[in-house]
Structure formats: structure tokens, C-alpha cells
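Breakdown of the fold
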Amino acid sequence: MQPNDDIRARYAREHIPNAVFYIPFGYYYAVRLGTVWKLLSWMLIYIMPTAFYSWLTFDGVWWQFAVNYALVLMAVFSLYELGYIFNDTVAIRREQQPAIRLYEPNFRHFKQYMWVIVLVRLFYAAQAIGLLVLLNRQWHTIDSRHIWFVRACIICMLVVFWIYNNWRSKYNVWLYSLLVFSRYLPFMLLYRIDGWAILMLWLSFPMVNWLERFSMPRYRFPVMRKLIPTEQSKTLFRAVYYMVILMVPLVLPKPLIATYMYLFPIEILCFYRLMLLLVVKHHKPKNYLNG
């Protein structure tokens, strides 16, 4: 695909090796993140809250939790990256102003080896889930029904990403929160189902990320464009969002909040956004807001 006036370049790195199509987490890092600082940010907004809220529902040995978490993470993200791959190679053909994240050699490689890439990604996920089943037959840390919940959730994640990639309209933004949360939810289905933990996990990132999508020029929703008039104003919006979330429990009846521990990830993310608000006044990190 050759550049033209309708293309919005979003290259995260100067060179993207074709090997990232096959390496778990490699595609996301090389194509969507591109820097170590953005990787650390991703760990803060994804790894930290999913691990924390999942840990709240677990009662057992910490290292078994860590293994279970790593296996679910492998299954979820290997396939979520597959959705990214199809978004960046196939779905963009339906857009008038596509965001181009891959170089010409990458497009050629995907076209030639598409089904190999798909099978490799499915293999990673199947092996991770299979190992999860085998290990927990010995450990008994996960009810077999909950493993089926996780499987079903991952399959639904793929379906939602397929619909999102094929529904190229400004109205597909309404599906975006479900799409983003679909990569968070599987961790909450492994052990005891905790509604408060699931709600707070959704508020930790999928919700604010969804609201931001309504401000993007191609979606043109007036209310959010007033709150977020430019890409740069997202930094302030995010900080205010987390401060508001932290203030809400102060006006709720005490019985509705079982413990303030649920707010811990929100507090960390609020502090992070406030610090970032100060940092970007003097320095713009590489690839910052390069969505």
C-alpha cells in the first residue's frame, strides 16, 4: 500500500520485521507501542488492573495464580493481536483515511502467509488454554466451568473484533468499549465472580478509552469533541476522569462500597495521569498519543 493524501501514517518504529506477525506480544509492541515507555504504560493500564482485580477473586498459592494469569494472558493477547493484524492489513482497505502502521514489505508478507499467521496465533491460544486445563486438574485452583467461561469469552472477543473490523462506520464506536473490555474480562472469570471488581476493571481503562473515541474526527460526536477538542487535550481529560471516579464513592452510601481496596488501581492510574500531565508540558515522549 503506497502513501497518498488520504493516508494517516502511524508508524511506531522505523523498521518492523515480519517476525512480529508470529511472536506473541511482538506485534503489539512493534506496531502499536514502539517504545519501552509505552510498553511500561501498557503494563500499567492493562497488566496491573487485570492482575489486581483477578487476584481479589483468588484464594490460593500466589505462584499458581501467576501461572494461571500468564496462560490466560497468552491466550487472550495472541488472538487480540490477530484482530490488530487484520485491522492493520485488511480492514483499512474499507476506510477513506486509513491509519497506516505497517510498511510495504509487511503488507506483502501478510498477503503471502496470512493463513500461516492465523494458524500460529490459534496454536498459541490453544496451547495456553490446554496447559491451563492440565495444570488445574492437579491444582484445583479453577473450577472447570470457569475455564469454559474463559474459553467462551475469548471466542466472543474474536467475534467482536471480526464485527468491528468489518463494520467500518462512525457508529462502530459504540462497539469499541465492548471490544476493549473483551481483552480484560477473561481474567475475571477464572475464580469467584465479583461484580464490583468487574465494574472497577471496566472503569480503569475501557470506559475512558471508549469516551475518547467519540472525540476523534472520523466519529464527529459533538459533545465529546467539546470535552476533548484536540488529541493533546486527552492528557487533561484522562487525569480529570480518574479524579472523578475516585470522588464518586464519597457520595455513595457506605454499604454500596464493600472495601476501598477496589479503588487502588484507579488511584495508581490517577497519579500516573497527573504526573504525565506535568511531563508533557515540557516533553512529549516518542509515539505519545500516536493512536
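Residues numbered from 1 in each chain as written. Predicted model: local features only at pLDDT ≥ 70, side-chain atom pairs only at ≥ 80, totals over all residues. Heavy atoms only, no water.

**Overview of the nonpolar core**
Most often, soluble globular proteins have nonpolar side chains that are buried together. Just so we agree on the cut-off: In these notes, a set of buried Ala, Val, Leu, Ile, Met, Phe, Trp, Tyr and Cys residues joined through side-chain atoms within 4.5 Å is what counts as a nonpolar core. Type-normalised accessible area, obtained with a 1.4 Å probe on protein chains alone, sets the label of each residue: buried when under 20%, exposed when over 50%, and partly exposed for intermediate values. In DSSP terms, a helix is any run of H or I states spanning at least four residues, a strand is any run of E spanning at least two, and both are numbered starting from the N terminus. Contacts are assigned to residue pairs that have any heavy atoms within 4.5 Å of one another.
Ranked by size, the top nonpolar core spans 87 residues in total, and within it Tyr 46 and Tyr 53 carry the most contacts. Looking at this core element by element, the count peaks at 13 residues for helix 3 (residues 62-89). The contacts of Tyr 46, once residues within four sequence positions are left out, are Tyr 69, Leu 73, Val 76, Phe 77, Arg 183, Tyr 184 and Phe 187.

**Details of the packing of helix 1 (residues 26-33) against helix 2 (residues 36-56)**
Which entries qualify depends on this criterion: Axis lines are fitted to C-alpha atoms, over the contacting stretch for helices. Their N-to-C directions set the angle, which ranges from 0 to 180 degrees. Crossing chirality is assigned from the near helix's rotation relative to the far helix, an anticlockwise turn below a right angle marking it left-handed and a clockwise turn marking it right-handed. For this scheme, ten residues count as nonpolar: Ala, Val, Leu, Ile, Met, Phe, Trp, Tyr, Cys and Pro. Four count as charged, namely Asp, Glu, Lys and Arg, and the remainder, Gly too, count as polar.
Remark: helix 1 packs on helix 2, axes separated minimally by 10 Å, with the N-to-C direction vectors making an angle of 120 degrees. Between helix 1 and helix 2 lies a crossing of right-handed hand. Contact residues: Tyr 28, Tyr 29, Arg 32 and Leu 33 in helix 1; Val 36, Lys 38, Leu 39 and Trp 42 in helix 2. Of the residues belonging to the contact of helix 1 with helix 2, the class tally is 6 nonpolar, no polar and 2 charged.

**Points about the packing of helix 2 against helix 7 (residues 195-204)**
This is how the line gets drawn: Should an angle lie under 35 degrees it is considered roughly parallel, over 145 roughly antiparallel, and from 65 to 115 roughly perpendicular; all remaining angles are considered oblique.
Interhelical geometry of helix 2 versus helix 7 gives an angle of 175 degrees and a closest axis separation of 10 Å. Judged on the interaxial angle alone, helix 7 and helix 2 are roughly antiparallel. Between helix 2, through Pro 49, Thr 50 and Tyr 53, and helix 7, the contact on the second element is made entirely by Ala 197, Met 200, Leu 201 and Ser 204. A class-by-class count of the residues in the contact of helix 2 with helix 7 yields 5 nonpolar, 2 polar and no charged.

**Re the pattern of salt bridges**
Note the threshold: Throughout this description, the term salt bridge denotes a Lys or Arg side-chain nitrogen within 4 Å of a carboxyl oxygen of Asp or Glu.
The full count for this structure, using the stated rule, is 6 salt bridges. One salt bridge in this structure joins Asp 143 and Arg 145, with 3.3 Å as the shortest N-O distance. Looking at Arg 145, the relative accessible area reads 54%, which means it is exposed. The structure contains a network of salt bridges with shared partners spanning Arg 32, Asp 88 and Arg 101.

**Overview of a nonpolar patch on the surface**
We apply this condition: Grouping into patches uses exposed residues only, defined as over 30% relative accessible area, and leaves out salt-bridged ones; the cut-off is 9 Å for like charges and 5 Å for nonpolar side chains (Val, Leu, Ile, Met, Phe, Trp, Tyr). Surface exposure here means Shrake-Rupley accessible area, sampled with a 1.4 Å probe, where a residue is shielded only by the protein chains that are shown.
Together, Leu 236, Val 240, Met 243, Val 244, Met 247, Val 248, Leu 250 and Val 251 give the surface a local cluster of nonpolar side chains, amounting to about 730 Å² of exposed area. With respect to the helices and strands, Met 247 occurs in helix 10 (residues 234-247).

**Details of empty space enclosed by the protein**
The condition that has to hold: Put plainly, a pocket is an open set of points on a 1 Å grid over the protein atoms alone with protein on both sides within 12 Å along at least five of seven lines, a cavity is a set where a 1.4 Å probe fits but cannot get out, and a lining residue has an atom within 4 Å of a point. Grid points are joined across faces, edges and corners, and a volume is the space filled by probe spheres set on the points.
One pass over the full model with this rule turns up 1 cavity of 30 Å³ or more. The calculated volume of the largest cavity comes to roughly 30 Å³. Here the lining of the largest cavity is built from residues that sort into 3 nonpolar, 2 polar and 3 charged.

**Some details on the packing of aromatic side chains**
Where we set the bar: In summary, the pairing rule links any two rings of Phe, Tyr or Trp, Trp by its six-membered ring, whose centres are within 6.5 Å, and it sorts them by plane angle into stacked for under 30 degrees, edge-to-face for over 60 and tilted for everything else. Over a ring means this: the NZ of a Lys or the CZ of an Arg is within 6 Å of the ring centre and within 35 degrees of the ring normal.
As enumerated under the stated definition, the model contains 36 aromatic pairs in all. Consider the rings of Phe 25 and Phe 77, whose centres lie 5.7 Å apart with planes at 20 degrees: the pair is stacked. With a gap of 52 residues between them, Phe 25 in the loop between strand 1 (8-9) and helix 1 and Phe 77 in helix 3 connect regions that are remote in the sequence. Phe 25 sits in the partly exposed class, given a relative accessible area of 26%. Phe 77 gets classed as buried once you look at its relative accessible area, which sits at 0%. In this structure, Arg 151 packs its charged tip against the face of Trp 148, placed 4.3 Å from the ring centre. Seen from the ring of Tyr 176, Arg 213 lies directly overhead, with NZ or CZ sitting 4.1 Å from the centre.

**A look at the confidence of the model for the protein**
In low-pLDDT regions, the fine details of the predicted coordinates are not to be read closely. We apply this condition: Scored from 0 to 100, pLDDT records how confident the predictor is in each individual residue.
Across the protein, the average pLDDT comes to 89, with 93% of residues at 70 or higher. In the predicted structure, residues 1-6 sits below a pLDDT of 50 and forms 11 contacts with residues beyond four places in sequence or in another chain.

**As for the state of the cysteines**
Spelled out, the test is: By convention in this document, the label disulfide applies to cysteine sulfur atom pairs within 2.5 Å.
Taken as a whole and assessed by the stated rule, the structure comprises 0 disulfides. Free cysteine: Cys 153, not disulfide-bonded; nearest cysteine sulfur from Cys 156 at 6.5 Å.

**Quick word on the layout of surface pockets**
Estimates place the volume of the second largest pocket at around 260 Å³. The wall of the second largest pocket is formed by 13 residues, among which Leu 82, Gly 83, Phe 86, Trp 162 and Asn 165 lie closest to the centre. At 5 residues, the largest contribution of residues to the lining of the second largest pocket is made by helix 5 (residues 144-166). In the lining of the second largest pocket, the residues fall into 9 nonpolar, 3 polar and 1 charged.

**Looking at the environment of Phe 86**
In this structure, Phe 86 sits in helix 3. For the pair Phe 86 and Tyr 176, spaced 90 residues apart in sequence, the C-alpha to C-alpha distance is 16 Å. Not counting residues within four places of it along the chain, the set of residues in contact with Phe 86 comprises Ala 91, Phe 110, Met 114, Val 118 and Asn 165.

**Considering helix 7**
This is how it is decided: Definition of a polar contact: a pair of N or O atoms within 3.5 Å, with one able to donate and the other able to accept a hydrogen when the atoms are protein atoms, and with sequence-neighbouring residues admitted only if both atoms are side-chain atoms.
For helix 7, the complete set of buried residues consists of Ala 197, Ile 198, Met 200, Leu 201, Leu 203 and Ser 204. Buried residues belonging to helix 7 abut helix 2, helix 6 (176-181), helix 8 (206-213), helix 10 and helix 11 (264-279). The N-terminus of helix 7 is capped by Asp 194, whose side-chain oxygen sits 3.0 Å from the backbone nitrogen of Trp 196.

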